[in-house]
Amino acid sequence: MTEPALSVKVAFATNPMITPTWTDISVYVREVRIKRGRHYELDRVETGTAIITLGNDTRFFDPTYTLGPYYGTIWPMRKVTVQATYAGVSYDLFTGFAEAWRPEWPNKKDDIVTLECVDG
């Protein structure tokens, strides 16, 4: 049995409220965690969130790196979508907005960015 293919796309250069132009950043994705809804029937429904860990060895997700392809477009409120494709069918797992792009260095040789997202 094959696993679904995961894709993460960001609308870097378009207004988030109109039809977005997507940029696929799946090759940089290391981990995706999605949380939504509530744990118990009587709990309050919380905003859905996605935490996406991106490898940043290229510095493409560093907002100060002027040679990066996304320079000047790494801002909050960029539209983000996460999809899984299985047997030729794509399923939307999450659609929302970037809330923060947090650079991290878990050890001195690794450079990652944690993309924190909330749904609409």
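Our structure's up above, just so we're on the same page.
Residues numbered from 1 in each chain as written. Predicted model: local features only at pLDDT ≥ 70, side-chain atom pairs only at ≥ 80, totals over all residues. Heavy atoms only, no water.

Colleague: Mind showing me how you'd approach the pattern of salt bridges here?
Modeller: A side chain of one charge can pair with a side chain of the opposite charge if their charged atoms are brought near each other. One pass over the full model with this rule turns up five salt bridges. The partner of R102 in a salt bridge is E116, with the nearest N and O atoms 2.9 Å apart. In this pair, R102 is assigned in strand β6 (residues 89-104) and E116 in strand β7 (residues 112-119), connecting sequence segments 14 residues apart. Linked through salt bridges whose partners overlap, the residues forming this network are R30, D57 and D110. (Salt bridge = Lys/Arg side-chain N within 4 Å of Asp/Glu carboxyl O. Helix = DSSP H or I, 4+ residues; strand = E, 2+ residues; numbered from the N terminus.)

Colleague: Help me understand the sheet that holds strand β3 (residues 29-37), please; the structure alone is not making it clear to me.
Modeller: Pairing between the strands of a sheet comes from backbone hydrogen bonds, and it takes one of two forms, parallel or antiparallel. In spatial order, the strands read β2-β1-β5-β6-β7-β4-β3; together these seven strands make up an open sheet with antiparallel pairing. Two strands lie at the open edges of the sheet, namely β2 (23-24) and β3, each paired on one side alone. When strand β4 (residues 46-55) meets β7, the two strands line up antiparallel, connected through seven bridges. Paired with I51 across the strands is E116, a residue of β7. (Pairing = 2+ DSSP bridges.)

Colleague: How should the environment of T64 be read in this particular structure?
Modeller: Residue placement: T64 occurs in the loop between β4 and β5 (79-86). Along the chain, T64 and P106 lie 42 residues apart, while their C-alpha atoms are 20 Å from each other. Aside from chain neighbours lying at most four places away, what touches T64 is R59 and Y71. There is a polar contact of 2.7 Å between the side chain of T64 and the side chain of D62. (Contact = heavy atoms within 4.5 Å. Polar contact = N/O pair within 3.5 Å; in protein donor to acceptor, adjacent residues only side chain to side chain.)

Colleague: Just checking my understanding: could you explain the side chain of Q83 for this structure?
Modeller: Tracing the backbone through its elements, the reader meets Q83 in strand β5. By relative accessible area, Q83 is classed as buried at 18%. Among the polar contacts listed, one links the side chain of Q83 to the side chain of D92, at a separation of 2.7 Å. In contact with Q83, not counting residues within four places along its chain, are A5, L6, S7, K9, Y91, D92 and L93. (Buried < 20%, exposed > 50% of the residue type's maximum accessible area, 1.4 Å probe, protein only.)

Colleague: Is there a simple way to think about the pairing of β7 in this case?
Modeller: When a strand is regular, its side chains alternate between the sheet's two faces. Judged by how many residues are buried, β7 sits mostly within the fold: six of eight residues are covered. Sheet analysis places β6 next to β7, joined by eight bridges and oriented antiparallel. Directly across from W101, in β7, lies its bridge partner L115.

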